[in-house]
Amino acid sequence: MTTARPQPQPRDAYRVFRTLTTRWMDNDVYGHVNNVVYYSFFDTAVNGHLIDAGALQVDTSAVIGLVIETQCNYFAPLSYPQPVDAGIRVAQVGRSSVRYEVGLFAAGEPLTAAAGHFVHVYVDRASRRPTALPPALLQALAPLRTDR
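Here's what I pulled together on the structure shown here. (Residues numbered from 1 in each chain as written. Predicted model: local features only at pLDDT ≥ 70, side-chain atom pairs only at ≥ 80, totals over all residues. Heavy atoms only, no water.)

Considering the arrangement of structural elements, one finds Thr-112 in the loop between β4 (97-106) and β5 (114-124). The exposure class of Thr-112 is buried, given its relative accessible area of 2%. Excluding residues that lie within four positions of it along the chain, Thr-112 makes contacts with Pro-8, Gln-9, Tyr-14, Phe-75, Gly-103, Leu-104 and Phe-105. (Helix = DSSP H or I, 4+ residues; strand = E, 2+ residues; numbered from the N terminus. Buried < 20%, exposed > 50% of the residue type's maximum accessible area, 1.4 Å probe, protein only. Contact = heavy atoms within 4.5 Å.)

Here it is as structure tokens:
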């Protein structure tokens, strides 16, 4: 079985965008943003959206998302001091889980420099047991969904 090689995605493949700022420390010795920083961009974009939508209060939400899976494909380098546009979409919503897909674009570029996903399983903050997605989260996810 052969799988198609991942390809860069266009901006219109994503539902919402957030602009992120690269930092001096993000560059590695090769002069581009180090691969681990891309995962931080994913987290920052998605959680920023959830906070702004009122679905996540970092210190007090009774339900929190824990990452159980993550993946990224790299297509073009990013480097400090480039701004990065993070496109977000939701590919799948389960009873207690969400698959977020994020595309990272150099400012003004039409195709992703990197694209990936992560899966959050939502759990009760105290017990850490999976729980149904709360209504405020479902409402925040609605404009991001591609699975409808």
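What follows is about the packing of aromatic side chains. Enumeration according to the criterion identifies 7 aromatic pairs in this entry. An angle of 90° between the planes, with centres 4.9 Å apart, marks the rings of Tyr-38 and Tyr-74 as edge-to-face. Of the two residues, Tyr-38 sits in helix α1 (residues 35-52) while Tyr-74 sits in strand β2 (residues 63-74), which places them 36 residues apart along the sequence. You can call Tyr-38 buried: its relative accessible area is 3%. Site record: aromatic cluster; members linked through ring pairs are Tyr-14, Phe-17 and Phe-105. Sitting over the face of the ring of Phe-105, Arg-11 holds its NZ or CZ atom 4.6 Å from the ring centroid. Between the NZ or CZ atom of Arg-89 and the centre of the ring of Tyr-14, over which it lies, the distance is 4.4 Å. (Phe/Tyr/Trp six-rings, centres within 6.5 Å; stacked < 30°, edge-to-face > 60°. Lys NZ or Arg CZ within 6 Å of the ring centre and 35° of its normal.)

Looking now at the pattern of salt bridges. According to the stated counting rule, one finds 6 salt bridges in the structure shown. Linking Arg-18 and Asp-52 is a salt bridge whose minimum nitrogen-to-oxygen distance equals 2.9 Å. Of the two residues, Arg-18 sits in strand β1 (residues 16-21) while Asp-52 sits in helix α1, which places them 34 residues apart along the sequence. Classification of Arg-18 as partly exposed rests on a relative accessible area of 23%. Between Arg-89 and Glu-101 there is a salt bridge; the shortest N-O distance is 2.6 Å. Note that Arg-89 is positioned in strand β3 (residues 83-93) and Glu-101 in strand β4, a separation of 12 residues in sequence. The residues Arg-89 and Glu-101 share a single accessibility class, namely buried. Residues joined in a network through salt bridges with shared partners are Arg-89, Arg-99 and Glu-101. (Salt bridge = Lys/Arg side-chain N within 4 Å of Asp/Glu carboxyl O.)

Below, the discussion takes up unusual backbone geometry. Working note: non-glycine residues mostly have negative phi, and peptide bonds are mostly trans. That bond from Tyr-80 to Pro-81 is cis: its omega, 10°, falls within 30 degrees of zero. Mapped onto the fold, Pro-81 is located in the loop between β2 and β3. Located in the positive-phi region is Arg-128, a residue other than glycine, with phi close to 60°. Its location among the elements puts Arg-128 in the loop between β5 and α2 (135-141). According to the relative accessible area criterion, Arg-128 is partly exposed, its value standing at 45%.

Below, the discussion takes up the nonpolar core. Counting residues in each nonpolar core, the largest one holds 33 residues, and the members touching the most others are Leu-50, Leu-78, Tyr-100, Leu-104, Tyr-122, Leu-137 and Leu-141. Taken together, the elements giving at least two residues each to this core come down to α1, β2, β3, β4, β5 and α2. The element contributing the most residues to this core is α1, with 7 residues. Apart from residues lying up to four places away in sequence, Leu-50 is in contact with Ala-55, Leu-56, Tyr-100, Tyr-122, Leu-137, Ala-140 and Leu-141. (Core = buried A, V, L, I, M, F, W, Y, C linked by side-chain atoms within 4.5 Å.)

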